Amino acid sequence: MGGPGPLGRRTFVTGAAAAALMAGTGSSEAAGPIGGDLPGFHLALKDDLRFPLAWGTSPVRDFRAWRRLARAKVEELLLTDRQEDTPYAPEFTAGTRGDGCTRESVTVSLTRYERVRGSLLTPDGPGPFPAVLLLHDHGSKFDIGKEKLVRPWDDDTRLASAQGWADRFFDGRFVGDELARRGYVVLCLDALGWGDRGPLVYEQQQALASNLYHLGSSLAGLLAREDQRAAAFLAGLDRVDARRVAAVGFSMGGYRAWQVAALSDDVAAAASVCWMTGLKDMMVPGNNTLRGQSAFHMLHPGLSRHLDIPDVASIAAPRPMLFFHGGRDALFPADGVRVAYEKLRAVWRSRGAEERLRLKTWPEYGHVFNAVMQDEVYGWLDSVL
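Residues numbered from 1 in each chain as written. Predicted model: local features only at pLDDT ≥ 70, side-chain atom pairs only at ≥ 80, totals over all residues. Heavy atoms only, no water.

- The protein chain appears in an unreviewed UniProt entry as Alpha/beta fold hydrolase from Streptomyces griseoloalbus.
- Taken from UniProt, the Sequence similarities (unreviewed entry) comment for the protein chain reads in full: "Belongs to the AB hydrolase superfamily." (UniProt positions renumbered as here; feature names shortened; annotations may be inferred.)

A look at the UniProt feature "domain: Dienelactone hydrolase" (unreviewed entry) in the protein chain
Point 1. UniProt's feature table lists "domain: Dienelactone hydrolase" (unreviewed entry) at residues 175-374, given in the numbering used throughout.
Point 2. Its end C-alpha atoms 8 Å apart, residues 175-374 is made of 38% helix and 16% strand. (Helix = DSSP H or I, 4+ residues; strand = E, 2+ residues; numbered from the N terminus.)

Focus on the pattern of salt bridges
Point 1. Taken as a whole, this structure holds 35 salt bridges when the rule is applied.
Point 2. Among the ionic pairs, Glu84 bridges to Arg82, the shortest N-O distance being 2.4 Å.
Point 3. Across the pair Arg158 and Asp196 runs a salt bridge whose closest N-O atoms are separated by 2.9 Å. Of the two residues, Arg158 is situated in helix H5 (residues 156-169) and Asp196 in the loop between strand E7 (185-189) and helix H7 (205-214); the sequence distance between them amounts to 38 residues.
Point 4. When its relative accessible area of 18% is taken as the criterion, Arg158 is described as buried.
Point 5. Residues participating in the shared-partner salt-bridge network are Arg117, Lys146, Glu147, Asp154, Asp155, Arg158, Asp190 and Asp196. (Salt bridge = Lys/Arg side-chain N within 4 Å of Asp/Glu carboxyl O. Buried < 20%, exposed > 50% of the residue type's maximum accessible area, 1.4 Å probe, protein only.)

Remarks on the nonpolar core
Point 1. Counting 75 residues, the largest nonpolar core has Leu234, Trp258, Met276, Met321, Phe323 and Leu344 as its most contacted members.
Point 2. When residues in this core are grouped by element, the largest group, 8 residues, is from helix H9 (residues 252-263).
Point 3. Beyond its immediate stretch of four places on either side in the chain, Leu344 contacts Met276, Pro310, Ala313, Ser314, Phe323, Leu357 and Leu359.
Point 4. Core analysis: the second largest hydrophobic core is formed by 38 residues, Ala162, Ala180, Trp362 and Met373 among them. (Core = buried A, V, L, I, M, F, W, Y, C linked by side-chain atoms within 4.5 Å. Contact = heavy atoms within 4.5 Å.)

Thoughts on the layout of surface pockets
Point 1. Its boundaries defined by the atoms lining it, the largest pocket holds a volume of some 1,100 Å³.
Point 2. What lines the largest pocket is a set of 44 residues, among which Leu279, Met283, Thr289, Leu299 and Ser304 lie closest to the centre.
Point 3. Contributing elements (two or more residues each) for the lining of the largest pocket: helix H3 (41-48), H9, helix H10 (279-282) and helix H11 (309-313).
Point 4. Tallied by class, the residues present in the lining of the largest pocket amount to 26 nonpolar, 13 polar and 5 charged. (1 Å grid on protein atoms, 1.4 Å probe; cavity = no way out; pocket = protein on both sides within 12 Å on 5 of 7 lines; lining within 4 Å. Points joined across faces, edges and corners; volume = space filled by probe spheres on them. Nonpolar A, V, L, I, M, F, W, Y, C, P; charged D, E, K, R; others polar.)

Here's the deal with the side chain of Glu147
Point 1. Take Glu147: it is sitting in the loop between strand E6 (129-135) and H5.
Point 2. A residue is classified by how much of its surface remains accessible, and Glu147, at 5% relative accessible area, is buried.
Point 3. A distance of 3.0 Å separates polar atoms of two side chains, one belonging to Glu147 and the other to Arg158.
Point 4. Those residues within four positions of Glu147 in sequence are excluded, and the remaining contacts are Pro152, Arg158, Ala162, Phe174 and Asp190. (Polar contact = N/O pair within 3.5 Å; in protein donor to acceptor, adjacent residues only side chain to side chain.)

Considerations on unusual backbone geometry
Point 1. Following Gly127, the chain continues to Pro128 via a peptide bond in cis, the omega torsion being -5°.
Point 2. Following the sequence through the fold, Pro128 ends up in the loop between strand E5 (115-123) and E6.
Point 3. At the junction of Ala317 and Pro318, the peptide bond is cis and its omega measures out at 5° in the coordinates.
Point 4. Structurally, the position occupied by Pro318 is in the loop between H11 and strand E10 (321-326).
Point 5. For Asp99, which is not glycine, the phi dihedral falls at a positive 60°.
Point 6. Its place among the elements puts Asp99 in the loop between strand E3 (91-98) and strand E4 (101-109).
Point 7. Of note, the phi angle at Ser251 is positive, near 60°, even though the residue is not glycine.

Some remarks on the packing of aromatic side chains
Point 1. What the rule picks out here adds up to 17 aromatic pairs.
Point 2. Where Trp165 meets Phe169, the ring centres are 4.6 Å apart and the plane angle is 55°; that geometry is what we call tilted. Of this pair, Trp165 and Phe169 both sit in helix H5, 4 residues apart, roughly one helical turn.
Point 3. Since its relative accessible area comes to 4%, Trp165 is described here as buried.
Point 4. The exposure class assigned to Phe169 is buried, which follows from its relative accessible area of 5%.
Point 5. An angle of 65° between the planes, with centres 5.1 Å apart, marks the rings of Trp275 and Phe332 as edge-to-face. Of the two residues, Trp275 is situated in the loop between strand E9 (269-273) and H10 and Phe332 in the loop between E10 and helix H12 (334-350); the sequence distance between them amounts to 57 residues.
Point 6. The class of Trp275 is buried, set by a relative accessible area of 9%.
Point 7. Ring pairs connect the aromatic residues Trp165, Phe169, Phe170, Phe250 and Phe369, which therefore count as one cluster.
Point 8. In this arrangement the basic side chain of Arg229 is found over the ring face of Tyr88, its NZ or CZ atom lying 4.0 Å from the centre.
Point 9. In this arrangement the basic side chain of Lys360 is found over the ring face of Trp362, its NZ or CZ atom lying 3.7 Å from the centre. (Phe/Tyr/Trp six-rings, centres within 6.5 Å; stacked < 30°, edge-to-face > 60°. Lys NZ or Arg CZ within 6 Å of the ring centre and 35° of its normal.)

Some details on the confidence of the model for the protein chain
Point 1. Residues with a pLDDT of 70 or more make up 90% of the protein chain, whose mean pLDDT is 91.
Point 2. The spread of mean pLDDT over the elements of the protein chain runs between strand E1 (residues 10-11), the lowest at 34, and E6, the highest at 99.
Point 3. Every residue in residues 1-36 is under pLDDT 50, and counting partners more than four places away or in other chains gives 71 contacts. (pLDDT = per-residue confidence, 0-100.)

Structure (structure tokens):
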């Protein structure tokens, strides 16, 4: 990790090392300081953060009132309008049948700005079924989005890319297909910049975020709104039991899973793999967040003046939530994960619902969602939905 620079300034990594860390292939120790200075006032700004709206710190003592207040603050800082008045106008395109499910492509209007294409898997049988909103990762790999989690059936080029991604992070499995075989309707959509909505390249992310800020909007806010709307769309399908909809994701998808659970009452449970930390403990020399670029997809300006990262996730309490972390994950320092887990546990305990919160660190694993972890998530979903 970067150490103190001249005059007490600290260095952080950029360039190729940043790309390696983003892909989960490197570590902060291996990358080393390559360039850039972190001003000394950075630490002072961190020290100023008190998260006054957090449950237990906020003067609001009624939990339901606190949830409304905290959610309203997050909603305000998304900088992207609610989109309930926009018709989804779904278009379904038949795909293939087999392996226990029917595959379709679906195109919907999550916002009034753009049509979004996704993969929709429906188990064989009469239904209605429980359902999973499956949220893909970042990984600095933009040629595929939904295909990272649902095996593509109509594009051999994307299939080769997707299989390589599945081999690298998911023990060769396609998580969406596994869930459909287990009896879940699965919806997975491309986020802006990935798959049919891209591809971006790594260096373009900052420009995209800047343009949206100039236009009075936000890249992270748009992503949050789209996930919120996707959850409502999935819950509203005739084939789905609206009371049994979960959000599941890995890496940035894990962030999206707990975030949509916090913002949407359509989500009954959420499983987040490899994305939870305390903000202050994450923003240390060598961490990916300090480089910008991918961080813009998860950056709501001004939110940290009010709430820490686990405080936002706690808006979902006391619904069932699962958080897994790899002990060798270089993207999320152990101290940050520990701080976050302690905050989450305290909130669920205050609701008398600690048994609904599953927190686990896998010391032998890094930034992955392998078969062992997947099987635990699937079993947990079966038990809470």
